[in-house]
Every structure is written in C-alpha cells, then in structure tokens.
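Each chain is listed here by its residues.
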Amino acid sequence: MNSAPLAASYREVALWQAQVSLPSLDVPTLPAEADAVVVGGGYCGLAAAWTLAQRGRQVVLVEAKALGFGASTRNGGMVIPELKAGPAKLEQQYGSLGRRMFQAVGEAFDFVESLISEHSIACDYQRTGQLYLAHHPRAVAALRAYAEEYAAAGEAVELIDGSDLGNEIGSTVFSAAAVFERTGAVHPARLHQGLVSLASRAGVHLHDFTEVTRLERPKSGGFRVVTRRGAIAARDVIVAANAYIDGLIPRLARRVLPIGSYVIATRPLDPGLADAVSPRRRMFVDTKNFLFYWRLSPDDRMVFGGRKSLGSTTVAEARDYLYRSMVRIHPQLSGLEIEYAWGGDVAMTLDRLPHVGYLDKVLYATGCNGSGVALNTWMGARVGGMVCGDDPPPFAELRHRAIPASGLRRCYLPFVSAWFRFEDRFGLG
Ligand SMILES: Cc1cc2nc3c(=O)[nH]c(=O)nc-3n(C[C@H](O)[C@H](O)[C@H](O)COP(=O)(O)OP(=O)(O)OC[C@H]3O[C@@H](n4cnc5c(N)ncnc54)[C@H](O)[C@@H]3O)c2cc1C
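As a starting point, this report considers the structure included with it. What you are looking at is a predicted structure, and each value in this text was computed from that prediction instead of being measured.

About the cut-offs
Residues numbered from 1 in each chain as written. Predicted model: local features only at pLDDT ≥ 70, side-chain atom pairs only at ≥ 80, totals over all residues. Heavy atoms only, no water. Near = heavy atom within 4 Å. Polar contact = N/O pair within 3.5 Å; in protein donor to acceptor, adjacent residues only side chain to side chain. Areas by Shrake-Rupley, 256 points an atom, 1.4 Å probe, with all protein chains shown as cover. Helix = DSSP H or I, 4+ residues; strand = E, 2+ residues; numbered from the N terminus. Buried < 20%, exposed > 50% of the residue type's maximum accessible area, 1.4 Å probe, protein only. Contact = heavy atoms within 4.5 Å. Salt bridge = Lys/Arg side-chain N within 4 Å of Asp/Glu carboxyl O. Axes fitted to C-alpha atoms, helices over the stretch in contact; angles between N-to-C directions. Nonpolar A, V, L, I, M, F, W, Y, C, P; charged D, E, K, R; others polar. Pairing = 2+ DSSP bridges. Expected span 1.5 Å × (residues − 1). Phe/Tyr/Trp six-rings, centres within 6.5 Å; stacked < 30°, edge-to-face > 60°. Lys NZ or Arg CZ within 6 Å of the ring centre and 35° of its normal. Core = buried A, V, L, I, M, F, W, Y, C linked by side-chain atoms within 4.5 Å.

**Observations concerning the site of the ligand**
At step 1: Near the ligand, the surroundings consist of 37 residues, among which Glu63, Ser72, Met78, Cys368 and Val373 are the closest.
At step 2: Ala71 is positioned such that a nitrogen or oxygen atom in its backbone is 3.0 Å from an oxygen atom of the ligand.
At step 3: For the ligand, a nitrogen atom lies 2.7 Å from a polar atom in the backbone of Met78.
At step 4: Here the ligand, which alone exposes 1,000 Å², has 97% of that area covered by the protein.
At step 5: Sorting the residues of the shell around the ligand by element identifies helix H2 (43–54), strand S13 (257–268), strand S17 (338–348) and helix H11 (373–387) as the ones contributing at least two each.

Set out below in structure tokens:
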C-alpha cells in the first residue's frame, strides 16, 4: 500500500481555510434579545441572517466554533445544480413536487451565481461545466439515460466518449462522460467570507465561539436561546447546522446522518501538467456510490475528494487512499507531493433530498447530501424569507423521516459500505 508523498509543509487543514484568514470578530457582548437568532455560521446561516437583516429584522447569528468551521470552508467548491435523482425520476416519484424540486435546484444555482456577481464577491468563481464520468463500462447506459433526462428538461448536456474524452480530461480510465455546462467552480472559503461581509454590512450581529446548548420555550412566547456565553430572547430561531447538528434538537439529529468526506490538495502543478490533466478546468465527478470529486484549484493544485466507506476513518488513512485513487486516474500525478488533507461532514437524509421545516417550532434547513454550495445558500435565503412570511420552498412539502435505528448506525454502516463497494467494483447500482 503506497503512502502519499507529503510536502515538508504538509498540514491537516483545508487548503481553502489556509488561504484566507477566518474573520475574527470583535463583538464582546451578546445581545439580550433579537427578532431572530440564527444558529450556524456556514453558507446557510449567513444567507438566512443576511436575508432577515435586509428585511429590517434585528438578527443575531451564533456559531459554536470559528465562523466557517463547518462544511462551508471544507468543500470541493463545485457549484452544481443537482439533486441525487434526475428530473424524470423526481417527477415519477413525486409528481408535480418533483418538478418543482428540480426547478428549485436550478434556482439555487442561479441565485448563487447572481449573488456573486451582484455583490462582486471575490471568490474565483468560474462557470466551468462538469464532467460526470462513467467509472465502469456497465455504468454507461445509466449515465446516458441520466443525461437524456436532463436534456429533455432543457439542460445543456452532452454524452461524450472515445477521443472526445481526451479533450476534456487527462485520464484513460473512464468509458464515457456526460458534460453538464451548468456547473461552476468557487473558492469555498472566499465565498464564505463574502457572505460574512454581506451579513455584517446588513447589520447582523455575528458571534463566533458561541455554542447554543439549549432552546427553551418560555410561557410568554418566543424562545430563550441558551448559549455558552449567555441567553438571548428571540421571537424566531433558525437552525442551520446541517451535518453538525449534534444534540441540540434530538429529533432533527435522528433525521440527518453525518458522513465524513475527505479531500487532499497537492502542490501547484506546472502549467503544462495542469493543462494535460484538465484542459478545460472542468469539475470532475464519477458515477460510483463512493464517488470521487476532483478539480484544479484557482492556483492549479489538484484537489481530490471522496471517501472509502461510510465508517469513521482518520485523515491520514483517507489521504493515502485518495492519493492512490488520484494516481490510478491520473498516473501523470504520481509522486506529486500532498500539501493539505482534511475532512468534513456531509448531511445525508433518508430520501437523499434536502429538507426544510419546523421541529418543536424551530425552523431548520438541512440535508445537502454532499451538494449544498448552491442549495444550502439558497435554502438559507428561503428560510430567512419564511420568517418574514414568504412561501416555503418545495422541499418543505417532503415528509422528513427519521433514519431507522440511527443510534445503531455503527453496527449496520459497515454492511451498507461493503454492498456499495461491491456495486462500485462491478458497475452495478
Ligand atoms: C468535504 C466536503 C466536500 C463537499 N463538496 C461539495 C461540493 O463540491 N459542492 C457542493 O455543492 N457541496 C459540497 N459539500 C457540501 C457543502 O459544503 C455543504 O452543503 C454546505 O457547506 C453546508 O452549509 P451549511 O451552512 O448548511 O452548513 P455548515 O457550513 O456545515 O455550517 C454549520 C455550522 O453550524 C455550526 N453549529 C452546529 N451546532 C451548533 C450549535 N449548537 N451552536 C452554534 N453553532 C452550531 C457548526 O459549527 C457549523 O459551522 C461538501 C461537503 C464536504 C464536507
């Protein structure tokens, strides 16, 4: 088993976090009251708080750790308008709700693109397009059907194979790819910083290292939001904790499964090598259950992510596995030193769809299922709007089911992982 070659400067921290200075906040006292308290300082919480503040509400946003501690500064930076099922399958399963959910994810993508351009957020955004790559010859038929579903729904998508693939990716291991033009690339932490400054300029009180430990419902109405730094009385509470929900709302935690996803970033590639590996700087994702996602960063590092199983692992184990997988796909990167490796949690739901709703009167948005850069930002803005009386997004109509025996997941996840790996190996599923 090959270990990854490590740069002398190797750190187990997200590349993106290392490239920005996380905002340090200078707001010593926690307000005693607010119209609304938003819990969680990622894309979703910031977009919710910003929306509320723009509409004249007094808003306090509280984050347990540093602002941007969660997935919002650890992700792959792929802005993808996707749910885990294509438009036809969604409609078949959910009828008109399926159609509206598909429209919503397109809206989420447009929302983030225009947010970035209207507010000149310097986050290296590029409309790159995405290659969805068949990892096995048996996966091609399903990929073709998937691409056809999108094309029928009006999306710009094309199935390519053979020599056309060589113009798109410096790899010979894939049988075919669907090229989706409507995908972008972003520097995740710079996008996050942009949202922090939008929220702050709109008047949101931002408090980092302020974990909410309890949400009480006084008889007089509203909430008493108890944090490690004091309590805030508020009429409304939005919880935007996604995979990091932990024990704050046990009923919500039973509906969200946090699964680790891991990423490595190499040293910057020489320009010739970068062009050979990714001539058009597309976002790359493969069709496996345990999929890989990879791209070049704005400074031309290979950023390669995925996971080997649903179980827990260390960053070092995940790093070596990802390095071997990257080199199998791109042998020309063999020996390239790894400078950063990190992990973060994605929020899986039973139906693999995002959810918005109320539990114990608390409004929440969750369930990125690995694709939340656009969706969770947009859902944040939508739940902010709901507090002001706007209609909920379509995901609020879904029944948010608890994950069966979620307390026993350590026992059953290894079996699910083994089955997924079997399917991946033989191109089934
Ligand atoms: C490794 C990785 C790669 C990914 N790649 C992509 C990708 O390429 N494209 C894509 O679309 N999506 C991707 N995602 C998903 C995407 O990053 C998330 O959907 C999105 O960032 C979620 O934003 P959020 O604001 O909802 O949650 P987060 O950014 O996770 O923020 C939640 C915050 O809530 C805080 N919190 C929790 N409990 C409390 C409490 N009690 N009190 C106060 N604060 C609390 C946490 O500390 C955390 O900072 C990836 C995720 C990971 C982990």
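**A word on the side chain of Gln17**
At step 1: Positionally, Gln17 belongs in helix H1 (residues 15–18).
At step 2: For Gln17, a relative accessible area of 16% corresponds to the buried category.
At step 3: In this structure Gln17 touches Gly68, Phe69, Thr73, Arg74 and Ala189, once residues within four positions along its chain are discounted.

**Some thoughts on the environment of Arg235**
At step 1: Here Arg235 shows up in strand S12 (residues 230–239).
At step 2: For Arg235 and Asp351, which are 116 residues apart along the polypeptide, the C-alpha to C-alpha distance reads 31 Å.
At step 3: The contacts of Arg235, once residues within four sequence positions are left out, are Ala34, Asp35, Arg57, Gly222 and Phe223.

**Some points on the pattern of salt bridges**
At step 1: Tallied over the full model, the rule gives 25 salt bridges.
At step 2: Here Arg235 makes a salt bridge to Asp236, at a shortest N to O gap of 3.8 Å.
At step 3: Taking the relative accessible area as the measure of exposure, Asp236 reaches 23% and is therefore partly exposed.
At step 4: Two residues, Glu337 and Arg267, come together in a salt bridge whose shortest N-O distance is 2.7 Å.

**What to know about the packing of helix H3 (residues 87–94) against helix H4 (residues 96–118)**
At step 1: The interhelical angle for the contact between H3 and H4, taken along N-to-C directions, is 145°, at an axis separation of 6 Å. Where H3 abuts H4, its residues Pro87, Leu90, Glu91 and Tyr94 lie against Ser96, Leu97, Gly98, Arg99, Met101 and Phe102.
At step 2: Taken together, the residues of the contact of H3 with H4 break down into six nonpolar, two polar and two charged.

**Quick notes on the side chain of Asp300**
At step 1: With respect to the helices and strands, the residue Asp300 is situated in the loop between strand S15 (293–296) and strand S16 (301–306).
At step 2: Setting aside chain neighbours within four positions, we find Asp300 in contact with Arg267, Pro268, Leu269, Ala274 and Arg281.

**Focus: the sheet that holds S15**
At step 1: Strands sit in the order S1-S17-S13-S16-S15-S14-S5-S7-S6 across an open sheet of nine strands; the sheet is mixed. Each edge of the open sheet carries a strand with a single partner, namely strand S1 (6–11) and strand S6 (157–161). When strand polarity is set aside, the average angle formed by the axes of neighbouring strands in this sheet is 25°.
At step 2: Direction of pairing for S6 relative to strand S7 (residues 176–180): antiparallel, over a ladder of five bridges. When the bridges of S7 are listed, Ile160 appears paired with Ala177.

**Describing the environment of His135**
At step 1: Structurally, His135 is set in the loop between strand S5 (130–133) and helix H5 (140–152).
At step 2: For His135, a relative accessible area of 17% corresponds to the buried category.

**Structural notes on H4**
At step 1: Here H4 spans 32 Å end to end across 23 residues, near enough to the 33 Å set by a 1.5 Å rise per residue.
At step 2: Looking at the residues trailing H4, positive phi occurs at Ser120, about 45°.

**Looking at the packing of aromatic side chains**
At step 1: What the rule picks out here adds up to 12 aromatic pairs.
At step 2: Measuring from ring centre to ring centre gives 5.0 Å for Tyr150 and Phe180, while their planes differ by 85°; the resulting arrangement is edge-to-face. Here the residue Tyr150 occupies a position in helix H5, and Phe180 occupies one in strand S7, the gap between them amounting to 30 residues. Both residues of the pair, Tyr150 and Phe180, count as buried.
At step 3: Among the aromatic residues, those joined into a ring-pair cluster are Phe174, Phe284, Phe292, Trp294, Phe304 and Tyr321.
At step 4: A cation sits over an aromatic face here: Lys65 above Phe69, 4.4 Å from the ring centre.
At step 5: A cation sits over an aromatic face here: Arg217 above Phe223, 4.8 Å from the ring centre.

**Thoughts on the nonpolar core**
At step 1: Trp342 and Phe395 are the most contacted members of the largest nonpolar core, which totals 84 residues.
At step 2: Per-element accounting of this core gives the leading share, 10 residues, to H4.
At step 3: Dropping the residues within four chain positions of it, Phe395 is found in contact with Leu83, Met101, Ala104, Pro354, His355, Val356, Leu375, Trp378 and Met379.

**Considerations on the pairing of S17**
At step 1: Burial analysis of S17 places 10 of its 11 residues in the buried class, the great majority of the element.
At step 2: Bridging between S1 and S17 involves two bridges; their strand directions are parallel. Within S17, the position partnered with Leu6 by the bridge is Ile338.
At step 3: Of the pairings in the sheet, the one linking S13 to S17 comprises 10 bridges and is antiparallel in character. In the strand pairing of S17, Ile264 is matched with Ala341.

**Describing unusual backbone geometry**
Peptide bonds are trans in most cases, and residues, glycine excluded, mostly fall at negative phi.
At step 1: At Arg281, a position not held by glycine, the phi torsion is positive, near 55°.
At step 2: Within the fold, Arg281 resides in the loop between helix H9 (271–277) and strand S14 (283–286).
At step 3: Residue Asp300 is not a glycine yet carries a positive backbone phi of 60°.
At step 4: By relative accessible area, which is 19% here, Asp300 ends up buried.

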